[in-house]
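Single-letter residue listing:
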Amino acid sequence: MSSRIAVAVTVNGQAISAFVEPRTSLADFLRNDLGLTGTHLGCEMGVCGACLVLLDGKAVHACLMYAVQADGQTVQTVEGLSESRAIADIQQVFHERNALQCGFCTSGMLVTAHEFLSKCQDPSRAEIRDALSGNYCRCTGYEAIVDAIAETARGRADRAGIPSQAEQAAKSDAEETPS
Amino acid sequence: MKARAFEYVRASSLQDAFEAFARVSGDCCYLAGGQSLVPSLSLRLQAPAMLIDISRIDELRGITLADDMLRIGALTRHAEMLTSPEIARHAPLLQLAAPHVAHPAIRNRGTIGGAIALADPAAEFPAVTLALDAEFEIAGPEGLRRVRAEGFFKGLYETALEPGEILTAIRIPPFRAGDRAVFDELARRRGDYAIVGAGIQGRVAGDRIESLRIAFLSVGPAPIRARHAEAAVAGHALSPAVIAGAQAALERDLDPAEDPQTSPAMRLHLARVLLGRLLGRLGEHPACKGAHA
Ligand SMILES: Cc1cc2nc3c(=O)[nH]c(=O)nc-3n(C[C@H](O)[C@H](O)[C@H](O)COP(=O)(O)OP(=O)(O)OC[C@H]3O[C@@H](n4cnc5c(N)ncnc54)[C@H](O)[C@@H]3O)c2cc1C
Ligand code: FES
Ligand code: FES
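Keep in mind that what you see is a predicted model, and the values were worked out from it rather than measured.

Definitions and limits used
Residues numbered from 1 in each chain as written. Chains lettered and ligands numbered in written order. Predicted model: local features only at pLDDT ≥ 70, side-chain atom pairs only at ≥ 80, totals over all residues. Heavy atoms only, no water. Helix = DSSP H or I, 4+ residues; strand = E, 2+ residues; numbered from the N terminus. Rg over C-alpha atoms; globule rule 2.2 N^0.38 Å. Buried < 20%, exposed > 50% of the residue type's maximum accessible area, 1.4 Å probe, protein only. Contact = heavy atoms within 4.5 Å. Areas by Shrake-Rupley, 256 points an atom, 1.4 Å probe, with all protein chains shown as cover. Lys, Arg positive; Asp, Glu negative; His and termini not counted. Charge placed at Lys NZ, Arg CZ, Asp CG, Glu CD. Buried area = accessible area lost by both parts, 1.4 Å probe. Salt bridge = Lys/Arg side-chain N within 4 Å of Asp/Glu carboxyl O. Polar contact = N/O pair within 3.5 Å; in protein donor to acceptor, adjacent residues only side chain to side chain. Nonpolar A, V, L, I, M, F, W, Y, C, P; charged D, E, K, R; others polar. Domains from an automatic or database assignment. Near = heavy atom within 4 Å. Pairing = 2+ DSSP bridges. Axes fitted to C-alpha atoms, helices over the stretch in contact; angles between N-to-C directions. 1 Å grid on protein atoms, 1.4 Å probe; cavity = no way out; pocket = protein on both sides within 12 Å on 5 of 7 lines; lining within 4 Å. Points joined across faces, edges and corners; volume = space filled by probe spheres on them.

Student: For the overall build of chain B, give the residues involved together with the corresponding values.
Tutor: Across its full length, chain B holds 12 helices and 14 strands. Here chain B has a C-alpha radius of gyration of 20 Å; the compact-globule value for 293 residues is 19 Å, and the two agree. Residue burial in chain B is summarised as follows: out of 293 residues, 55% are buried. Summarising the internal contacts of chain B: among those between residues at least 6 apart in sequence, 62% fall at separations of at least 24. Total accessible area on chain B is roughly 12100 Å²; 52% of this is exposed by carbon and sulfur atoms. Here chain B contributes 33 positive and 34 negative side-chain charges, whose respective centroids are spaced 4 Å apart.

Next up, the structure:
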């Protein structure tokens with residue numbers, strides 16, 4: 001057996017020091033050692049997206065890295081994002097839109113949606129589908145998830161007073177059309 | 001499934017990595033982004049005694065323009081191909097290919113060095129480096145050497161890298177005025193490995209394509225240049241007849257193998273469709289417009 005290695009990592013704002021076996025995935029470390037079971041494990045090979053977390057602010061698969069690789073870095077799981085209310089509006093709309101049924105894929109969907117919406121404020125449905133290409137859902141058929149992300153984006157833009165692309169286009173059409 | 005137990009060493013320099021490699025007599029793997037290696041260990045396709053983490057070696061980082069070559073450090077992540085202004089300006093073909101590489105979260109971790117070293121026949125970047133006439137900078141205990149992309153990809157997951165060597169950077173002749181780059185692929189879903197894909201970089205002179213390099217992925221054990229198709233286009237304006245000639249010539253360039261989902265004939269057909277689309281786009285370059293008039 002290989003010896004355990006010291007890891008220092010900040011998880012959801014909390015500094016954690018632990019000794020881990022090198023082969024322990026970040027996902028297993030979060031779930032088994034820290035009890036953060038919101039990070040789900042489906043395929044354990046990077047295909048389903050259930051295990052997504054933020055590493056130094058970027059979405060990554062917790063099944064595709066070992067806990068030792070996260071040494072010195074910052075991890076946010078769905079629990080942390082939920083408690084900080086960073087994704088409160090996405091969660092609310094997922095609920096309203098029935099964007100989850102069994103909920104297995106949801107933590108990964110939320111992490112993807114969070115990163116995507118931080119980069120793309122006014123996405124088209126095609127862009128949303130593209131962003132979700134690495135997240136499998138076996139229940140919803142995706143339509144409600146795309147709806148929820150589109151609605152969250154609109155809600156955020158409304159609150160910030162930014163007109164959507166569609167609204168801008170309608171406005172410029174109206175201006176160009178002599179009445 | 002879980003990986004078999006292994007020792008883990010984090011190398012802080014190339015020298016460090018080579019020493020660790022020698023210590024376990026090569027029963028080890030270098031770990032970069034881990035997006036191919038980790039699943040392979042989980043599936044127990046590989047079970048090395050040690051992983052040598054090279055992801056924190058500074059010498060493998062950075063994108064710089066020097067000696068009229070763009071040098072892209074091996075640890076440059078796929079996601080950076082989409083956001084780096086240097087890539088956009090000096091190697092736009094890489095930027096065009098990047099959205100087709102896996103999914104956003106995998107692009108956040110996967111490195112170009114890992115993709116080149118792995119040489120998956122369905123990977124986008126190896127084919128792109130062929131179209132770009134790139135060369136690779138390779139470090140070993142004895143020092144640095146350079147190998148052109150042309151001679152690097154030898155077969156299925158087989159490259160010119162010797163055991164223990166580390167790919168340090170990719171060097172690319174920068175994009176110049178008159179150059180034109182196009183990339184596309186046919187895949188069942190965005191992010192899936194392509195059924196067939198291709199990248200083209202061409203140089204336009206007047207209304208003609210002066211020269212071009214066409215590289216295909218997913219049509220054989222290694223990425224491949226379509227030299228007969230190139231010859232059918234070079235020196236000509238991109239008329240429908242020239243494009244049809246290039247599509248016909250592909251038969252002499254590509255020899256796809258039988259696979260359970262796609263017959264060789266279908267793959268060749270799809271390669272022709274793709275080539276037609278890409279050459280059409282290459283011809284949309286303002287300088288080529290005359291060809292259609
Ligand atoms: C679900 C899924 C879908 C994917 N889809 C695609 C796709 O569509 N297209 C695509 O191109 N890729 C795809 N990938 C693979 C991904 O792009 C990988 O990131 C890439 O192939 C390897 O890069 P890495 O940095 O993760 O390398 P690692 O996984 O760390 O290493 C891969 C191999 O290269 C060696 N290696 C790494 N870096 C070096 C170096 N600098 N010098 C010498 N050897 C080195 C390692 O020892 C190992 O053998 C996919 C992966 C997954 C999990
Ligand atoms: S468990 Fe990580 S992608 Fe499926
Ligand atoms: S809600 Fe069940 S997998 Fe998505």
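Student: Help me get a handle on the interface of chain A and chain B, residues and values and all.
Tutor: Taken together, the contact pairs 32 residues of chain A with 31 residues of chain B. Buried area between chain A and chain B, both sides added, is near 2500 Å², and the carbon and sulfur share of it is 51%. Between the two partners, chain A and chain B, sit three salt bridges. Here Glu44(A) and Lys2(B) are joined by a salt bridge, their closest N and O atoms 2.9 Å apart. Joining chain A to chain B, the criterion identifies 13 residue pairs in polar contact (both at pLDDT 80 or more). Among the elements of the structure, β3 (52-55), β4 (58-61) and α5 (125-131) of chain A are those that each provide at least two residues to the side of chain A that touches chain B. No other element matches the four residues that β4(A) contributes to the side of chain A that touches chain B. Along the lines of polarity and charge, the residues of the side of chain A that touches chain B split into 16 nonpolar, eight polar and eight charged.

Student: Break down the domain arrangement of chain A for me, citing the residues and quoting the values.
Tutor: Interfaces are often sized by the accessible area lost when the parts come together. Residue and element names in this part refer to chain A. Assigned domains of chain A: these are domain 1 (5-81) and domain 2 (87-162). Contacts between the two partners involve 16 residues from domain 1 and, on the opposite side, 13 residues from domain 2. Interface of domain 1 and domain 2: buried area, both sides summed, is about 1200 Å²; carbon and sulfur atoms make up 64% of it. Three residues stand out in domain 1 for area buried against domain 2, namely Leu-52, Val-78 and Leu-81, and they jointly supply 37% of the buried area on that side. Counting across the domain 1 and domain 2 interface gives zero salt bridges. Put simply, domain 1 and domain 2 have four residue pairs in polar contact (both at pLDDT 80 or more) between them. For the side of domain 1 that touches domain 2, the secondary-structure elements that each account for two or more residues are β3, β4 and α2 (78-83). Looking at the side of domain 1 that touches domain 2 element by element, the count peaks at three residues for β3. Here the residues of the side of domain 1 that touches domain 2 sort into 10 nonpolar, five polar and one charged.

Student: I'd like a description of the site of ligand 1, backed by residues and values.
Tutor: The immediate surroundings of ligand 1 are formed by 35 residues, with Tyr30(B), Gly34(B), Gln35(B), Leu37(B) and Thr111(B) found nearest. More than one chain lines the surroundings of ligand 1; the residues nearby belong to chains A and B. Surface burial for ligand 1 is 92%, taken as the share of its 970 Å² of free accessible area covered by protein chains. Put simply, the parts of the chain that give the shell around ligand 1 at least two residues each are β2 (28-31), α7 (112-118) and β10 (166-172) of chain B. Looking at the shell around ligand 1, the element that brings in the most residues is α7(B), giving five residues. By residue class, the composition of the shell around ligand 1 is 20 nonpolar, 12 polar and three charged.

Student: Break down the sheet that holds β10(B) for me, with residues and values.
Tutor: Across a sheet, strands are paired by hydrogen bonds formed along the backbone, either parallel or antiparallel in direction. Residues and elements named next belong to chain B. The strand order β4-β5-β10-β6-β7 describes an open sheet built from five strands, whose pairing is antiparallel. With one partner strand each, in any of the chains shown, β4 (63-66) and β7 (143-148) form the two edges of the open sheet. Here the average twist between neighbouring strands, direction ignored, is 25 degrees. Here strand β5 (residues 69-73) pairs with β10 via four bridges, running antiparallel. Residue pairing for β10: Ile-72 is matched across the bridge by Ile-170. Across the sheet, helix α1 (residues 14-23) is in contact with β6 (135-140) and β10; its angle to β10 comes to roughly 140 degrees.

Student: Explain the layout of surface pockets residue by residue, including any values.
Tutor: The space that makes up the second largest pocket amounts to roughly 830 Å³. What lines the second largest pocket is a set of 27 residues, among which Lys119(A), Ala79(B), Leu82(B), Pro104(B) and Asn108(B) lie closest to the centre. When contributions to the lining of the second largest pocket are tallied by element, the ones reaching two or more residues are β4, α4 (106-119) and α5 of chain A together with α3 (78-83) and α6 (104-107) of chain B.

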